[in-house]
Amino acid sequence: MFPASFDYRVAESIDEAISLYQSADGEARYLAGGHSLIPAMKLRLARPSRLIDIRPIEQLRYIRVGDDGAVHIGSLTTHAEIAASDVIAQHAPLLAQAAKVIGDVQVRNMGTIGGSLAHNDPGADYPAAVLALEATITVQGPNGTRHIAATDFLKDMYETALEPGEIIVDVAIPSYSGWKSTYVKFFHPASRYAVVGIAILANADGNQVQDIRIAYNGVASCAFRDTAAENALKGKAATDATIAEAANAALNGVDVLSDHFASAEFRKHIGRVYLKRALQGLFAG
Amino acid sequence: MGVPIKVTVNSRQYEAEVDPRMLLVHFLRDVLDLTGTHVGCDTSSCGACTVILNGKAVKSCTLLAVQADGAEILTVEGLEQNGKLHPIQEGFREEHGLQCGFCTPGMIMTAYDLLQRNPNPSEAEIRHALEGNFCRCTGYQNIVKAVQYAAAKMSS
Ligand SMILES: Cc1cc2nc3c(=O)[nH]c(=O)nc-3n(C[C@H](O)[C@H](O)[C@H](O)COP(=O)(O)OP(=O)(O)OC[C@H]3O[C@@H](n4cnc5c(N)ncnc54)[C@H](O)[C@@H]3O)c2cc1C
Ligand code: FES
Ligand code: FES
């Protein structure tokens, strides 16, 4: 299989990428790691007439702590780089926990955080993590720069707040040094995408939970925070009883996905069982 | 419209004009005649097409040849040195790490990526690293042993 023909352009800077987008006849697409876009083009699910390769833009590849104390990640940073980063391990380990279970080694070597968030696949792993981490996504486009909260950015299945021509440039995450976190995932056995993925981030003194964030992906058409489950634990001690309460409260009223691999009922069940186990694991030590 | 690219494959430099939609695996197999890299699923899942691109294992069926412009690539053909098999290749032979051999080039290249990052991997780490490579014949036991053989030999 090979994609339909397209006009291939390389951008060396963000401005060049945007002007190549604006000057295109027909549909233009940015190409980052290509690990969602190229498979889609091979299947002719996507047929852009111009592909703008942004991978050579070195200025979009970094992980650093900014003057604001937040961790800043350039959009072209690969999953493998995030999984291996000391800065992320210290300030936002949850993101690395999610990155480590994306696809496989080869996918993690090519795929980028910007590409994953722009694609917003319901079975992707970063969406739940960036919701729990309350990340801010910075985009740049023909009309300037915007800073968008993750919760406003991720709109629906394959839908984001990106306007035509906009490029994700940066993902900023406040430092959560000292918080506990975990990412658990029920893998689709063939594709390795998340059938259920749960990101949990907690500020706790032993078992006393001051603050907790619980976000799901895989379960519904878009990743979301489960505030009912969070409220069952916030300000309380995490015990077998409160953990069971949180698991029972989870996924209520959610429009759960159903497909040939996992029915809605099965997904919901796994979603609660995995939440319970993850919370038990998180507060066991 | 052809796009000119320059790549180094197995330490040899090549210049070519390619159709932008040509996949890297087809460039390697059909243009350079390096048919050691296989196409299995053609849908980014099986890892048979794995090569090392700038030091990292990637699936060459999911890359455009134009994306490799300026890159250094290592394929299974580049492992043997002066008629001597690479320890990973030797490991697959000694430990019966293959049956039909279709998945083997990809397995070997992914193992190469692993051993360069982690020269002394545990069994669990080997299995985790090979998650993107499918074998329909061996049941993986001997593949893991082959990588262990190579790890021992390379660190001795
Ligand atoms: C076999 C396989 C298994 C996978 N398993 C998982 C998994 O388990 N979990 C998971 O989360 N993902 C998985 N993925 C997807 C993978 O993580 C992709 O790399 C990721 O979804 C897209 O990132 P990319 O850099 O490859 O983007 P591309 O494929 O290059 O682009 C994807 C889309 O985003 C747009 N885009 C890219 N970069 C930007 C940017 N900076 N700004 C604006 N738009 C942009 C493109 O135009 C395109 O529409 C898997 C992929 C494969 C092939
Ligand atoms: S042929 Fe590339 S992953 Fe199967
Ligand atoms: S040896 Fe036949 S597919 Fe692995």
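Worth saying up front: this structure is predicted, and the values here are computed from it rather than measured.

Student: I'd like a description of the packing of aromatic side chains, backed by residues and values.
Tutor: Residues and elements named next belong to chain A. If you walk through the whole model with that rule in mind, you get five aromatic pairs over all chains. Between the aromatic rings of Tyr 176 and Trp 179, the centroid separation amounts to 5.0 Å while the plane-to-plane angle is 75 degrees, which identifies the pairing as edge-to-face. Judged by centre distance (5.8 Å) and plane angle (75 degrees), the ring pair of Phe 186 and Phe 266 falls under edge-to-face. Separated by 80 residues along the polypeptide, Phe 186 in strand β11 (residues 180-187) and Phe 266 in helix α12 (residues 264-284) bring together distant segments of the chain. Residue Phe 186 is classed as buried on the basis of its relative accessible area of 18%. An aromatic cluster of at least three residues, connected via ring pairs, comprises Phe 186, Phe 266 and Tyr 274. Residue placement shows Arg 64 over the ring face of Tyr 62; its charged tip is 4.0 Å from the ring centre. The cationic tip of Arg 192 hangs over the ring face of Phe 187; the distance from NZ or CZ to the ring centre is 4.3 Å.

Student: I'd like to hear about unusual backbone geometry, residue by residue, with values.
Tutor: If a residue is not glycine, its phi is most likely negative; likewise, a peptide bond is most likely trans. All names here are of chain B. Although it is not a glycine, Asn 10 adopts a positive phi angle of roughly 50 degrees. Secondary-structure assignment places Asn 10 in the loop between β1 (3-9) and β2 (12-18). Not every positive phi belongs to a glycine, and His 96 is a case in point at roughly 55 degrees. With respect to the helices and strands, the residue His 96 is situated in the loop between α2 (87-94) and α3 (104-117).

Cut-off values and rules
- Residues numbered from 1 in each chain as written.
- Chains lettered and ligands numbered in written order.
- Predicted model: local features only at pLDDT ≥ 70, side-chain atom pairs only at ≥ 80, totals over all residues.
- Heavy atoms only, no water.
- Phe/Tyr/Trp six-rings, centres within 6.5 Å; stacked < 30°, edge-to-face > 60°.
- Helix = DSSP H or I, 4+ residues; strand = E, 2+ residues; numbered from the N terminus.
- Buried < 20%, exposed > 50% of the residue type's maximum accessible area, 1.4 Å probe, protein only.
- Lys NZ or Arg CZ within 6 Å of the ring centre and 35° of its normal.

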